[in-house]
Amino acid sequence: MKETKVPDFIAIDDDAVNNLISIEFLQMTIADANIKTFTNPKKALAYIVDHYAQPDSANVIIFLDINMPVLSGWEVLDELEHVSPEILRKTTIYMLSSSIDEQDKLMAEKHPLISGYIPKYLSQEKILAVMHAMA
């Protein structure tokens, strides 16, 4: 049986409480998960570009909020479209949002970098579904 390495996880959300909830559920679901959270999307982008450009870096699942003051989730995606293909190959992005705007959900479904839309908050079931989708 092939052993698969657990991906890293990054939560990008200006709401620190949501980030704490994400950490809790990720740790409960995947004990050895490497988790980073960012309330500033620009710092998250810098970290992603720096860290995941390394050839030996792990795959990463990003949970990205839509409505943030510094950069919106859509603006983060615009920036990610310009990173190296090596980074994008390692990256799986889910919108994690409390937005009730149906247009946000439709845009997320159509965006080439988005693997899915997850209503806030993370739960063990939602994390397991993400992991199952990657298997």
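Quick note: structure is the one above.
Along each chain, numbering runs from 1 in the same order as the chain's sequence is written. A pLDDT threshold of at least 70 governs which residues receive local features in this predicted model, and a stricter bar of 80 or more applies before side-chain atom pairs are shown or counted, although totals over entire chains, interfaces and linings include all residues. Working from all heavy atoms in the structure, the side-chain values ignore hydrogens and water.

**Student:** Looking at this structure, I do not really get the nonpolar core. What am I missing?
**Tutor:** As a rule of thumb, nonpolar side chains are buried together in soluble globular proteins. The term nonpolar core refers to a set of buried residues drawn from Ala, Val, Leu, Ile, Met, Phe, Trp, Tyr and Cys, joined through side-chain atoms within 4.5 Å. Exposure is judged per residue with a 1.4 Å probe applied to protein chains only, and the accessible area is read against the type maximum: over 50% gives exposed, under 20% gives buried, and values in between give partly exposed. Core analysis: the largest hydrophobic core is formed by 26 residues, its most contacted members being I10, L64 and M95. Each helix is a run of H or I in the DSSP string that is no shorter than four residues. Each strand is a run of E no shorter than two, and both are numbered from the N terminus. Breaking this core down by element, the ones donating at least two residues are β1 (8-12), α2 (41-51), β3 (60-64), α3 (73-80), β4 (91-97) and β5 (114-119). The contact partners of M95, leaving out residues within four places of it in the chain, are L64, D65, I66, G73, W74, L77, A108, I114, G116, Y117 and I118. One finds F9, L26, A33 and L96 within the second-largest nonpolar core, a separate group that totals 13 residues. Residues count as neighbours in contact if any of their non-hydrogen atoms are within 4.5 Å of one another.

**Student:** What's the story with the side chain of S97 in this structure? I'm lost.
**Tutor:** For S97, the position within the fold is in strand β4. Judged by relative accessible area, S97 falls into the buried class, the value being 2%.

**Student:** Would you mind going over the pairing of strand β2 (residues 34-38) with me for this structure?
**Tutor:** It is a general feature of regular strands that their side chains alternate between the two faces of the sheet. Should DSSP find at least two bridges between two strands, the strands are regarded as paired. The pairing of β1 with β2 spans 5 bridges and is parallel. Opposite I10, over in β2, you have K36 as the bridge partner. For a crossover, the right-handed case is the one in which the path from the first strand over the helix to the second runs clockwise, viewed with the strands pointing away from the viewer. For the handedness criterion, the β-α-β arrangement of β1, helix α1 (residues 16-29) and β2 is classed as right-handed.

**Student:** Teacher, can you tell me more about the packing of α1 against helix α6 (residues 124-134) here?
**Tutor:** In helix packing, the relevant descriptors are the interaxial angle and the interaxial distance, both defined with respect to the helix axes. α6 packs onto α1 with a crossing angle of 65° between their chain directions and a minimal axis gap of 9 Å. Between α1 and α6 the crossing geometry is right-handed. Facing F25, L26, M28 and T29 of α1, the residues of α6 in contact are Q124, I127 and L128. Three categories are distinguished: nonpolar for Ala, Val, Leu, Ile, Met, Phe, Trp, Tyr, Cys and Pro, charged for Asp, Glu, Lys and Arg, and polar for the others, with Gly belonging to the last. Tallied by class, residues from the contact of α1 with α6 come to 5 nonpolar, 2 polar and no charged. Under this scheme, a helix contributes an axis fitted over its contacting stretch, all axes are lines through C-alpha atoms, and angles between N-to-C directions fall in the 0 to 180 degree range. Each crossing gets its hand from how the near helix is turned against the far one by less than a right angle, where anticlockwise is left-handed and clockwise is right-handed.

**Student:** Would you mind going over the pattern of salt bridges with me for this structure?
**Tutor:** Pairing between side chains of opposite charge can happen when the charged atoms of each approach one another. One side-chain nitrogen of Lys or Arg within 4 Å of one carboxyl oxygen of Asp or Glu is enough to make a salt bridge. Applying the stated criterion to the full structure yields 3 salt bridges. Notably, a salt bridge pairs K120 with D65, separated by 3.7 Å at the nearest N-O pair. Residue K120 is located in the loop between β5 and α6, and its partner D65 is located in the loop between β3 and α3; the two are separated by 55 residues in the primary sequence. Notably, a salt bridge pairs R89 with E86, separated by 3.6 Å at the nearest N-O pair.

**Student:** Any chance you could explain a negative patch on the surface here in plain terms?
**Tutor:** The patches described consist of residues with a relative accessible area above 30% and no salt bridge, like charges being joined within 9 Å and nonpolar side chains (Val, Leu, Ile, Met, Phe, Trp, Tyr) within 5 Å. To be clear on the numbers: accessible area is Shrake-Rupley with a 1.4 Å probe, and residue cover counts the displayed protein chains and nothing else. The charge count treats Lys and Arg as positive and Asp and Glu as negative. His and the chain ends do not count. Think of each charge as sitting on NZ of Lys, CZ of Arg, CG of Asp or CD of Glu. On the surface, a cluster of negative charge is made up of E75, D78, E79 and E81. Looking at where D78 falls in the secondary structure, it is placed in helix α3.

**Student:** When you look at the sheet that holds β1 in this model, what are you seeing that I'm missing?
**Tutor:** Across the sheet, which stays open at both edges, the 5 strands sit in the order β2-β1-β3-β4-β5 with parallel pairing between neighbours. Lying at the two open borders of the sheet, with one neighbouring strand each, are β2 and β5. Across the sheet, the mean angle separating the axes of adjacent strands is 20° when strand polarity is ignored. One ladder, built from 5 bridges, connects β3 with β4; its direction is parallel. Looking across to β4, one finds that I61 is bridged to T92. Contacts between α3 and the sheet are confined to β3, β4 and β5, with β4 contributing the most and set at about 170° to the helix. Where α6 meets the sheet, its contacts fall on β1, β3, β4 and β5, and the angle it forms with β3 comes to roughly 135°.

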